[in-house]
Amino acid sequence: LFIKGEHATTLMIFDEILSKGFNALHFIGGLSTHFRDLLICKDPASAKLLELAPSVAEKYRKQATGCSVEFLFNALNITTQCESSYKASGNQRLHIEFALVKLARINAPAPQPAAAIPISAVTAPAVTATVISASDEKPQIAEPAPVKTEVKKEPDYPTTRSLKGLIRKVGEESAKTERAKPKEIGEDEFDQVKLESAWLAMAESEKSLQRLANAISDTKPIISDNPNTIIFNVSNDLQREWIEKNCKLRLEAFLKENLNNKNVGLAIEVTPQESSTENKLYMPEEKAKFLIERHPELKELQKDLKLEIK
């Protein structure tokens, strides 16, 4: 619908989504992620960043073929700006609806320039005439006729501009306003309860990257000795390096906004693993031997009943 420019149908679908109880901010955030994934699919080199099942990833690649890189770039620009200024908007539903209209206008043809107004037509000046009198044969100069200038009246154009032009102008002004007035983040204190609530919300916001979302939700955040530093424990160095390279700044920005503390920092640490695995039991015979050694009554039962415990 965005590609076809059908903004009216788009607004009706958005209304249906809201009527089913979906959160509008999650909607626009998910839409941004969807455009990001489509943009990734446009290049085989970046397609590996798409963390989805092969069957789902194939659907993304198929849809990406119908979208130009310019369209996806402009769409991402619109949705991310809408998401960042959502909470500051006085009418949040209208704020998203306006973004949807802008998305549907990306592929609209550029407005044609207005026809030039014809240059005013000016009549040629009258030629001075010489008249010979019959009585004295002295020439007399006749008064030249006044020059008449005919100027065509400019057409009475309507003062209202086209909808396309208005949308573009409002979009530009909105973008300038958003850039000029970035949202200010305070320095609120937070405790473990507030942190864990923001932590779960962060996991929900990253559900498009399922592995990352699971890593966040399966880990309990820890407030370090520095009260503004949050420790994020991961299972291995590879996972730590990937998070630091690809999404640490995004996660920090989310926590800063949701905790309203601009000093929040995220420390990615690897959870210490057990140094020795010699005490782990893998084979059934090992487990049976362990039980008999730890439970004398089981050993006596084995003797009395002549059991073979495996």
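The rules behind each value
Residues numbered from 1 in each chain as written. Predicted model: local features only at pLDDT ≥ 70, side-chain atom pairs only at ≥ 80, totals over all residues. Heavy atoms only, no water. Helix = DSSP H or I, 4+ residues; strand = E, 2+ residues; numbered from the N terminus. Buried < 20%, exposed > 50% of the residue type's maximum accessible area, 1.4 Å probe, protein only. Contact = heavy atoms within 4.5 Å. Areas by Shrake-Rupley, 256 points an atom, 1.4 Å probe, with all protein chains shown as cover. Pairing = 2+ DSSP bridges. Phe/Tyr/Trp six-rings, centres within 6.5 Å; stacked < 30°, edge-to-face > 60°. pLDDT = per-residue confidence, 0-100. Axes fitted to C-alpha atoms, helices over the stretch in contact; angles between N-to-C directions. Parallel < 35°, antiparallel > 145°, perpendicular 65-115°, else oblique. Nonpolar A, V, L, I, M, F, W, Y, C, P; charged D, E, K, R; others polar.

### As for the overall build of the chain
Argument step 1. Counting secondary structure elements, the chain contains twelve helices and five strands.
Argument step 2. Taking all 310 residues of the chain together, the buried fraction comes to 25%.
Argument step 3. Here the contacts in the chain between residues at least 6 apart in sequence split such that 67% fall between residues at least 24 apart.
Argument step 4. Summed over its atoms, the accessible surface of the chain is roughly 21900 Å², and 55% of this surface lies on carbon and sulfur atoms.

### As for the pairing of strand 4 (residues 229–234)
Argument step 1. For strand 4, a buried count of five out of six residues is recorded, marking the element as mostly surrounded by other parts of the structure.
Argument step 2. Where strand 3 (residues 222–223) meets strand 4, two bridges bridge the pair, whose relative direction is antiparallel. Looking at the pairing, Ile222 lines up with Ile231 of strand 4.
Argument step 3. In this antiparallel pair of consecutive strands, strand 3 and strand 4, the connection spans five residues.
Argument step 4. Here strand 4 pairs with strand 5 (residues 265–270) via six bridges, running parallel.

### Quick look at the packing of aromatic side chains
The description of an aromatic ring pair rests on the distance of the ring centres and on the angle between the ring planes.
Argument step 1. Tallying each qualifying case throughout the model produces four aromatic pairs.
Argument step 2. For the ring pair Phe2 and Phe35, a centre distance of 6.2 Å and an interplane angle of 45° mean the geometry is tilted. Separated by 33 residues along the polypeptide, Phe2 in the segment before helix 1 (7–19) and Phe35 in helix 2 (residues 24–41) bring together distant segments of the chain. In this structure, Phe2 and Phe35 share a single accessibility class: buried.
Argument step 3. Pairing Phe14 with Phe27 gives two aromatic rings, centres 4.9 Å apart and planes at 40°, and the pair type is tilted. Here Phe14, found in helix 1, pairs with Phe27, found in helix 2; they are 13 residues apart in sequence, far enough to count as distant.
Argument step 4. Residue Phe14 is classed as buried on the basis of its relative accessible area of 1%.
Argument step 5. Among the aromatic residues, those joined into a ring-pair cluster are Phe2, Phe35 and Phe71.

### Describing the confidence of the model for the chain
Argument step 1. Put simply, the chain has an average pLDDT of 78, and 73% of its residues get 70 or more.
Argument step 2. Here residues 154–161 scores under 50 on pLDDT; set against residues more than four positions off or in separate chains, the count is five contacts.

### Examining the sheet that holds strand 3
Argument step 1. Strand order across the open sheet formed by three strands is 3-4-5, with mixed pairing between neighbours. Whereas interior strands pair on both sides, the edge strands pair on one side only; in this sheet they are strand 3 and strand 5.
Argument step 2. Helix-sheet contacts for helix 9 (residues 237–246) involve strand 4 and strand 5, and the interaxial angle to strand 5 is about 160°.

### Some points on unusual backbone geometry
Argument step 1. Phi angles above zero are rare outside glycine, and Asn260 is one such case at about 50°.
Argument step 2. Tracing the backbone through its elements, the reader meets Asn260 in the loop between helix 10 (248–259) and strand 5.
Argument step 3. The exposure class of Asn260 is partly exposed, given its relative accessible area of 28%.

### Side note on the packing of helix 2 against helix 3 (residues 54–64)
Argument step 1. Direction vectors running N to C along helix 2 and helix 3 enclose 80°, while the axes themselves pass 8 Å from each other. By the angle between their directions, the pair helix 2 and helix 3 is classed as roughly perpendicular. Residue-level contacts link His34, Asp37, Leu38 and Cys41 of helix 2 to Tyr60, Arg61, Gln63 and Ala64 of helix 3.
Argument step 2. Of the residues in the contact of helix 2 with helix 3, the class split is four nonpolar, two polar and two charged.

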